[in-house]
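Here's the letter readout for the chains.
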Amino acid sequence: MAIAKAERLMNLALCLLGARRPLTKRELRQSIEAYVEAFGQGEHEESFNRMFERDKDDLRELGLVIDTVENLDGEVAYVARRDSNRLPPITLDAAEATALGLAARVWQQARLASAASGALQKLHAAGGMPGVTVPEQRTEGRLSTLEPHIPAREAAFEPLMLACRDRRLVVFEYRKSNAARSERRQVEPWTLECWRGHWYLAGWDRDRKAERVFRLSRITSAVRSRAGAFTAPVPDQVTVRETVERWAGESATATARIKLRSGAGYPLRARALSVCERGDGWDELEIPYGHGLDAWLVEFGPDVVVLGPDELRADVVDRLRAVAQG
Amino acid sequence: MAANAIDQTRRMLSLVTYLKDRPGARVEEVARAFGISADELISDLNVLPMCGTSFRGGDLLEIDTDGERIWWRNAETLGSDTAQPLRLAADEATALLVAARAVATLPGLRESDRDALQRATAKLETAAGENAGASARLSVTFESEGGVFADVDRAIAERRRLWLRYYSPARDELTEREVDPIRLFAVGHTYVEAWCHLSEARRTFRLDRVAEIKLLDERADPPAIEPRDLSAGLVQPAAGDPEVVVEVGPGGRWVAEYYPHDSAEELSDGGLRITLRTPEPASLRRLALRLGRDGRITAPVELAESARDAARKALAAYGE
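Rules used in this analysis
Residues numbered from 1 in each chain as written. Chains lettered and ligands numbered in written order. Predicted model: local features only at pLDDT ≥ 70, side-chain atom pairs only at ≥ 80, totals over all residues. Helix = DSSP H or I, 4+ residues; strand = E, 2+ residues; numbered from the N terminus. Rg over C-alpha atoms; globule rule 2.2 N^0.38 Å. Buried ≥ 20, exposed ≤ 12 C-beta atoms within 10 Å, placed from the backbone. Contact = placed C-beta atoms within 7 Å. Domains from an automatic or database assignment. Nonpolar A, V, L, I, M, F, W, Y, C, P; charged D, E, K, R; others polar. Pairing = 2+ DSSP bridges. pLDDT = per-residue confidence, 0-100. Arc of directions from axis to C-beta. Axes fitted to C-alpha atoms, helices over the stretch in contact; angles between N-to-C directions. Parallel < 35°, antiparallel > 145°, perpendicular 65-115°, else oblique. Left-handed = near helix turned anticlockwise from the far one by under 90°. Core = buried A, V, L, I, M, F, W, Y, C linked by C-beta atoms within 7 Å. UniProt positions renumbered as here; feature names shortened; annotations may be inferred.

J.: What is the right way to look at the overall build of chain A in this model?
T.: The number of helices and strands found in chain A is 12 helices and 13 strands. Taken over the C-alpha trace, chain A has a radius of gyration of 29 Å; the compact-globule value for 326 residues is 20 Å, which it surpasses by more than 25%. Principal axes of the C-alpha set define a box for chain A whose edges measure 95 × 50 × 40 Å. Expressed as a percentage of its 326 residues, the buried residues of chain A come to 41%. Of all intrachain contacts in chain A linking residues separated by at least 6 positions in sequence, the fraction that spans at least 24 positions is 57%.

J.: Whenever I open this one, the overall build of chain B confuses me. Can you help?
T.: Of regular secondary structure, chain B possesses 10 helices and 15 strands. Over its C-alpha atoms chain B spans a radius of gyration of 28 Å, topping by over 25% the 20 Å that the globule rule assigns to 320 residues. C-alpha extents for chain B along the principal axes are approximately 95 × 60 × 40 Å. Across the 320 residues in chain B, those meeting the buried criterion constitute 42%. If you take every contact in chain B between residues at least 6 apart in sequence, the share linking residues at least 24 apart comes to 58%.

J.: Would you explain the domain arrangement of chain B in this entry?
T.: As a measure of interface size, the accessible area lost when the parts come together is often cited. On domain assignment, one finds that chain B holds domain 1 (2–82), domain 2 (90–137), domain 3 (146–219) and domain 4 (243–316). For domain 1 of chain B versus domain 2 of chain B, the distance between C-alpha centres works out to 29 Å.

J.: Looking at this model, I keep getting lost on the interface of chain A and chain B. Mind explaining?
T.: The interface is formed by 100 residues belonging to chain A together with 106 residues belonging to chain B. With 13 residues, the single largest contributor to the side of chain A that touches chain B is helix α7 (residues 110–125) of chain A. Split by residue class, the side of chain A that touches chain B holds 54 nonpolar, 25 polar and 21 charged. Pairing geometry for strand β6 (residues 183–195) of chain A and strand β6 (residues 138–141) of chain B, over four bridges, is parallel. Residue pairing for β6(B): W195(A) is matched across the bridge by T141(B).

J.: I would appreciate a short explanation of the confidence of the model for chain A in the present structure.
T.: Interpretation of this model should avoid reading the predicted coordinates in detail wherever pLDDT is low. All names here are of chain A. The predicted model of chain A averages 88 in pLDDT, with 94% of residues at 70 or higher. Confidence, expressed as mean pLDDT per element, reaches its minimum in chain A at helix α9 (residues 240–247) with 77 and its maximum at strand β5 (residues 168–174) with 96. For the stretch residues 136–142, pLDDT sits under 50, and the model shows three contacts to residues farther than four places along the chain or on other chains.

J.: Please clarify how the environment of D269(B) should be interpreted in this entry.
T.: Inspection of the secondary structure puts D269(B) in the loop between β13 (263–266) and β14 (272–277). Look at D269(B) and you get exposed, because 11 C-beta atoms sit within 10 Å. Through-space distance from the C-alpha of D269(B) to that of V248(B) is 9.6 Å; in sequence the pair is 21 residues apart. If we skip the residues at most four places from it in the chain, D269(B) touches A180(A) and G249(B).

J.: Help me understand helix α3 (residues 38–47) of chain B in this model?
T.: Every α-helix winds through 3.6 residues per turn, so residues three or four apart in the chain are directed the same way. When α3(B) is considered as a whole, its buried residues turn out to be L41(B), D44(B), L45(B) and V47(B). Angular distribution of buried residues about the axis of α3(B) spans 155°; they occupy a single face of the element.

J.: How do you make sense of the packing of helix α5 (residues 90–104) of chain B against helix α6 (residues 111–128) of chain B when you look at a structure like this?
T.: All names here are of chain B. One way to put it is that α5 packs onto α6 with a least axis distance of 9 Å and a crossing angle of 155°. Overall, the two elements α5 and α6 adopt an arrangement that is roughly antiparallel. Two packed elements cross with a definite hand, and for α5 against α6 that hand is left-handed. Facing A93, L96, L97, A100, R101, V103 and A104 of α5, the residues of α6 in contact are R114, L117, Q118, A120, T121, L124, E125 and A128. Here the residues of the contact of α5 with α6 are counted per class, giving 10 nonpolar, two polar and three charged.

J.: Is there a simple way to explain the nonpolar core in this structure?
T.: What tends to happen in soluble globular proteins is that the nonpolar side chains get buried as a cluster. Membership of the largest hydrophobic core comes to 141 residues, with the highest contact counts inside it found for A116(A), L96(B) and A99(B). Tallying contributions element by element places α5(B) first for this core, with 10 residues. Excluding residues within four positions of it along the chain, L96(B) makes contact with L100(A), A104(A), A116(A), A119(A) and L124(B). Of all hydrophobic cores here, the second largest spans 36 residues; its members include V304(A), V323(A), L287(B) and A288(B).

J.: Explanation requested: the pairing of strand β10 (residues 254–261) of chain A in the structure shown.
T.: Consecutive residues of a regular strand have side chains that alternate between opposite faces of the sheet. Residue and element names in this part refer to chain A. Taken together, the eight bridges between β10 and strand β12 (residues 282–289) define a ladder with antiparallel strand orientation. Paired with L260 across the bridge in β12 is D283. Pairing geometry for β10 and strand β13 (residues 304–308), over four bridges, is antiparallel. The partner of I258 across the bridge, within β13, is V306.

J.: How do you make sense of the UniProt feature "domain: WCX" (unreviewed entry) in chain A when you look at a structure like this?
T.: Here, UniProt's "domain: WCX" (unreviewed entry) annotation points to residues 255–324 of chain A. Taken end to end, residues 255–324 of chain A comprises 39% helix and 34% strand; its first and last C-alpha atoms sit 27 Å apart.

J.: Whenever I open this one, the sheet that holds strand β1 (residues 23–24) of chain A confuses me. Can you help?
T.: Sheet strands pair by backbone hydrogen bonding; their relative direction is either parallel or antiparallel. Residue and element names in this part refer to chain A. Taken in spatial order, the three strands make up an open sheet running β1-β3-β2, and their pairing is antiparallel. Each having just a single partner strand, β1 and β2 (67–70) make up the two edges of the open sheet. Of the pairings in the sheet, the one linking β1 to strand β3 (residues 76–79) comprises two bridges and is antiparallel in character. Following the sheet pairing, L23 is matched in β3 by Y78.

J.: Just checking my understanding: could you explain unusual backbone geometry for this structure?
T.: In terms of backbone geometry, most residues other than glycine have negative phi values and most peptide bonds are trans. Of the consecutive residues G308(A) and P309(A), the connecting peptide bond is found in the cis state with omega at 0°. Mapping P309(A) onto the fold places it in the loop between β13 and α12 (310–325). The linkage connecting A299(B) with the following residue, P300(B), adopts the cis geometry, with an omega of -5°. Residue placement: P300(B) occurs in the loop between β15 (295–299) and α10 (301–316). Phi is positive for R196(A), close to 50°, though the residue is something other than glycine.

J.: How should the sheet that holds strand β12 (residues 243–248) of chain B be read in this particular structure?
T.: Residue and element names in this part refer to chain B. Taken in spatial order, the four strands of this open sheet run β13-β14-β12-β15, and their pairing is antiparallel. On the outer flanks of this sheet lie β13 and β15, each paired with one strand and no other. On average, each strand axis in the sheet is inclined to that of its neighbour by 20°, with strand direction left out of account. For β12 and β14, the ladder comprises six bridges, and the chain directions are antiparallel. Directly across from V245, in β14, lies its bridge partner T275. The strands that α10 touches are β12 and β15; relative to β15, the one it contacts most, it runs at about 145°.

And the structure:
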């Protein structure tokens, strides 16, 4: 049976961490049994090189800083310096450690869930979390009594997260909410934001030469990222939420007056600027008027009548006609 | 699986650091500290003796266990280089920092928890150094009604019953009910899962639809039930629920994003034919009204007709 990957990676990590001087690829190959077993002493150079590069990348993903240097003979050599790999001292008190341990369980996305428990294990090993254990999935915990979850079921999430981190240009097909077809987008990704359980990407759309926000569930293809980091600056403040609120019609620009049947339409009442009883089975409300209000009002059917402005009234009547004829 | 090999390597690196300072550590305790089962730990311990700084020089880790305790025999000679606490990777710092910041901003969270989280966040940022920077690329906001949240939180902690005035969008009405809260969870919005004495069943309530809330003195005594599995999403229609078919144009494609459905068939005009199931088809009348010319319900016919009827009645008020 081939030697398991975890054993091979562990050996490579220990060799790099334990060495007193940078080790050449040849030395590493000869020191690690998994490489010898798979590739012999001098053959299969290319396959070995590929595996070696992948293994180094995997260890870097785990946080290992591996420096590449040239040794005295002009050969490339590798070293994981102790000072650049050491966790600075950190000690959390019991309350901090418990709170952090529970917050770490929010991730439902596999990669971040693993990263979170890996981080807690490192803190534990360093003695930074006295008396607290890394919570297992599904065990009882108390952070208030809340269980927060961050979903990330969208396939585009992980590649975009990595692209934001590494500042790589991404290309994907995107279908706007009201578009019949998808279009190809080239985006310099800035940030990912989760709001109301949905993920959004903010970035610079290269073709449209403008900042854009994309909803991940509307990405219709695989996300491909280009090699090499982009160099354009990423703004400190990105307004994903304001953009999404505008889409959702939550940024009002004016006010509207409506008649609402008594007892009906609680959400409209909750947002109303004023409510006044008319005494005829109807109430009169003043509500914020922004994009999307017409569609929302139509949901209440015969329990809402728009009094003004005329433009809103016309939009609502137009929508009602469409439904009546449907 | 490749992902597991990476997780296992990550864990084993922390394990050697942990074991170095704790000779004779108990299997049970170590497994608990690492959030893994004793079996997983034993399988790590079976790999570690095959690892070292060079198999040729014989510098392998001499880590062994009798199934109860664990010893690292040559920790003195090998441990100083290979078992130092390791810095956090960018993803690791991100996973913890984003989670801690998201939870800390939840309105209604107990102040002591919020303080602890903020202190932990600050310490982590320092310890993670430049790798803390990547966490700025992700952010999460939970929505919650602070006052309602605090009352539900207290009711669960003190095992007390709650009285709610709750809004049901399906019927556009407020109902009053007493509930025994079971758990409070946040997935985008914040919800309380509770035993509802009005419907004599388990119900999930969204906190922003709670119009009024009161803590009662009665003790909450919900029947012992398995918590819902949230991993598959909140709305999980039952196989026996009635089927509804909605046909939408390009402007109504969002329906497929918001409603869990059995199928969404592409139509030639760029629209979709969406088939979904719901215990309460009448609740979709609102959807039919909202869609306007962007779509309509095609089955069941009674539901389609009730939407048309509601639209006609509404139009009458405008003199049409």
